[in-house]
Amino acid sequence: MTVTHLVWFRNDLRITDNRALHTACQDMHAKVIAVYIATPEQWQQHDMAPRQAAFIQQNLDCLDASLAEKNIPLFSHQCADFAESVEWLSDFCQKNSVTDLFYNRQYELNERHRDDRVSELLQGKCTLHAFDDSLLLPPGSVVTGSGEMYKVFTPFRKSFLQRLTHSDTRCLPAPKPRADKAERPPIVSIDYPFEQPDPSLFPAGEDAALQRLRSFCRERVQDYQQQRDIPAIDGTSCLSPYLAIGVLSPRQCFNRLLAECPQALEDDQSGAFVWLNELVWREFYRHLLVAYPKLCRHKPFIAWTDNVRWSGDADHLAAWKAGKTGFPIVDAAMRQLNQTGWMHNRLRMIVASFLVKDLLINWRAGECYFMSQLLDGDLAANNGGWQWAASSGTDAAPYFRIFNPTTQGERFDKKGDFIRRWLPELADVPDSDIHHPHQWAIKQGRVLDYPEPLVDHAVARKQTLQAFEEAKRGA
Ligand code: FAD
């Protein structure tokens, strides 16, 4: 009997170091085929950025080409949502006499429910093989002595690094070409309001991702510790769009880092260790999502923070989205996001804090807007970042710690190099005044084509503290 192995690609659009694909190809006598199912209505419900959808399409084309070289045909299809995709997949398996289905696990709640439904439908018809692939260590494997998920990052990281073994980090090669030539079905054109990302910033494909990883680990990671907080410097890897849709794996990152910096694990002050730390943050937030599924439903980890009486000021929210708050570092960051789909981590923290703690707007509005713009949109990291900034999450900043957007700007973009790059209307403002341009304009007798600050930070801070204190008292 011919054995047919079907590899179901989801958020793992690569052929190298892909556990599901690798295992499916181990039996050289099996027929191997692959499938990808786009679900645009589902994406829309979850605010997926048109840029991220376009990036998926581009990477799907690259995946198709790579699989064709291995004589593995990629069938792609579009369904409205997960419910429809499950039915379609079940039919597809039947029509193609699939004996074994291989896929890498996704950890978000809707995705897990979809996979449960698939295993119900296919029970007795084909054998399912699910793999933990998108993380270095699977959720639930890094726990406290009493078996619970860590709620604080540093002990999680310590335990994580102790647990990590060679087999967890081993990269698997791309499969060998199959013997039989296969027809190459056309790739679906996903029906989504696409907005093409700038290919010079984020070229599609595994090769581009690996090249970026290699050059970052070779040339820049040593300085990561000093440069990662300065948005005007190209000091971080910019690999997040690739990691978010699985064009790159965390094992590839880990191995490349250790190949270039063999001492990475020994010196916790080195740039290499600090970068590894960020990869562990990525793991932490995904582990949290599985331990506390309510996070997938955008519930706060600290329940009383839901009692905060948020401002419903739609003009303030619109100004924040458009990068017109009158706070230069916030506005420059938001324009970077709106124009490129990517924002520097320090700036994500600043703009998130500003929305929640200066404008007192519900963090979910920011979380949702980020998803609608980000090329690296990722539920776990985005929710984790927003709940951190809103002081509603695990290991979050305490609610009384509030960033001052002006001093943050002065600290991390001292001379305003980043601000001027995104706010051309401030091009003439000298370095010394770039963080309060209106004061300079008054002195000069000039009128700036730039909004006045939306709020007085000191007043906003007091109001926010009061709102959080009341919410906590009422809990
Ligand atoms: P590097 O500094 O080079 O780090 C390497 C990789 O580690 C990143 O590519 C990313 O995969 C991971 N990483 C780094 N920092 C974090 C972090 N704090 N949390 C989780 N993973 C991290 N990251 C996303 O990938 N998707 C998101 O939707 C997202 N939303 C965010 C929202 C807010 C409010 C905040 C504060 C942070 C968010 N982050 C998100 C985390 C972080 O800002 C980005 O991962 C990082 O800026 C990506 O740039 P890079 O690839 O150059 O990162």
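Just so it is clear, the structure is predicted and the values come from calculations on it, not from any experiment.

Rules behind the numbers
Residues numbered from 1 in each chain as written. Predicted model: local features only at pLDDT ≥ 70, side-chain atom pairs only at ≥ 80, totals over all residues. Heavy atoms only, no water. Helix = DSSP H or I, 4+ residues; strand = E, 2+ residues; numbered from the N terminus. Rg over C-alpha atoms; globule rule 2.2 N^0.38 Å. Buried < 20%, exposed > 50% of the residue type's maximum accessible area, 1.4 Å probe, protein only. Areas by Shrake-Rupley, 256 points an atom, 1.4 Å probe, with all protein chains shown as cover. Lys, Arg positive; Asp, Glu negative; His and termini not counted. Charge placed at Lys NZ, Arg CZ, Asp CG, Glu CD. Core = buried A, V, L, I, M, F, W, Y, C linked by side-chain atoms within 4.5 Å. Contact = heavy atoms within 4.5 Å. Salt bridge = Lys/Arg side-chain N within 4 Å of Asp/Glu carboxyl O. Pairing = 2+ DSSP bridges. Axes fitted to C-alpha atoms, helices over the stretch in contact; angles between N-to-C directions. Parallel < 35°, antiparallel > 145°, perpendicular 65-115°, else oblique. Left-handed = near helix turned anticlockwise from the far one by under 90°. Nonpolar A, V, L, I, M, F, W, Y, C, P; charged D, E, K, R; others polar. Near = heavy atom within 4 Å. Polar contact = N/O pair within 3.5 Å; in protein donor to acceptor, adjacent residues only side chain to side chain.

Caption draft 1: Layout of the overall build of the chain. Within the chain, the secondary structure is distributed over 21 helices and 5 strands. Its C-alpha atoms give the chain a radius of gyration of 24 Å, within 12% of the compact-globule value 23 Å for 475 residues. In the chain, which comprises 475 residues, the share counted as buried stands at 57%. Of the roughly 20,500 Å² that the chain leaves accessible, carbon and sulfur atoms contribute 49%. Mean positive and mean negative side-chain charge positions of the chain (53 and 60 charges, respectively) differ by 4 Å.

Caption draft 2: Up close: the nonpolar core. The biggest cluster of nonpolar side chains holds 75 residues, and the ones touching the most others in it are F9 and W275. Excluding residues within four positions of it along the chain, F9 makes contact with R14, N18, L21, A34, V35, Y36, L63, L67 and L74. Residues M343, W386, L423 and V455 belong to the second largest nonpolar core, which totals 42 residues.

Caption draft 3: Representation of the pattern of salt bridges in the model. Going through the model one piece at a time under the given rule, you end up with 22 salt bridges. One salt bridge connects D306 with R364, and the closest N-O pair in it is separated by 2.9 Å. Placement of D306 in the loop between α12 (271–291) and α13 (314–322) and of R364 in helix α16 (residues 363–373) is noted, with a sequence separation of 58 residues between them. Using a relative accessible area of 39% as the deciding quantity, one classes D306 as partly exposed. The shortest N-O distance in the salt bridge between D376 and R348 comes to 2.7 Å. Pair noted here: D376 is in the loop between α16 and α17 (379–389) and R348 is in helix α15 (residues 345–358), with a separation of 28 residues, a long-range link.

Caption draft 4: Examining the sheet that holds strand β3 (residues 74–78) more closely. Overall, parallel pairing links the 5 strands, which are arranged β3-β2-β1-β4-β5 in an open sheet. Among the strands making up the open sheet, the edge pair consists of β3 and β5 (127–131). Ignoring which end each strand starts from, the neighbouring axes of this sheet average 25 degrees apart. Relative to the sheet, helix α4 (residues 82–95) contacts β1 (4–9), β2 (31–38), β3 and β4 (100–104), its axis offset from that of β2 by approximately 160 degrees.

Caption draft 5: Examining the packing of helix α11 (residues 250–260) against α12 more closely. Running from N to C, α11 and α12 cross one another at 165 degrees; their axes reach a closest spacing of 11 Å. In terms of axis orientation, α11 runs roughly antiparallel to α12. The chirality of how α11 crosses α12 is left-handed. Contacts from P250, C253, F254 and L257 in α11 reach A272, W275, L276, L279, R282 and E283 in α12. Tallied by class, residues from the contact of α11 with α12 come to 8 nonpolar, no polar and 2 charged.

Caption draft 6: Quick look at the site of the ligand. In the neighbourhood of the ligand, 28 residues make up the surrounding shell, with Y224, T236, S237, C238 and N345 lying closest. Backbone polar atom of L239 to an oxygen atom of the ligand: 3.0 Å apart, as the coordinates give it. Contact with the protein chains removes 95% of the 820 Å² of surface that the ligand exposes when unbound. For the shell around the ligand, the secondary-structure elements that each account for two or more residues are α10 (240–244), α12, α15 and α17. If you tally residues by element for the shell around the ligand, the top one is α12, at 6 residues.

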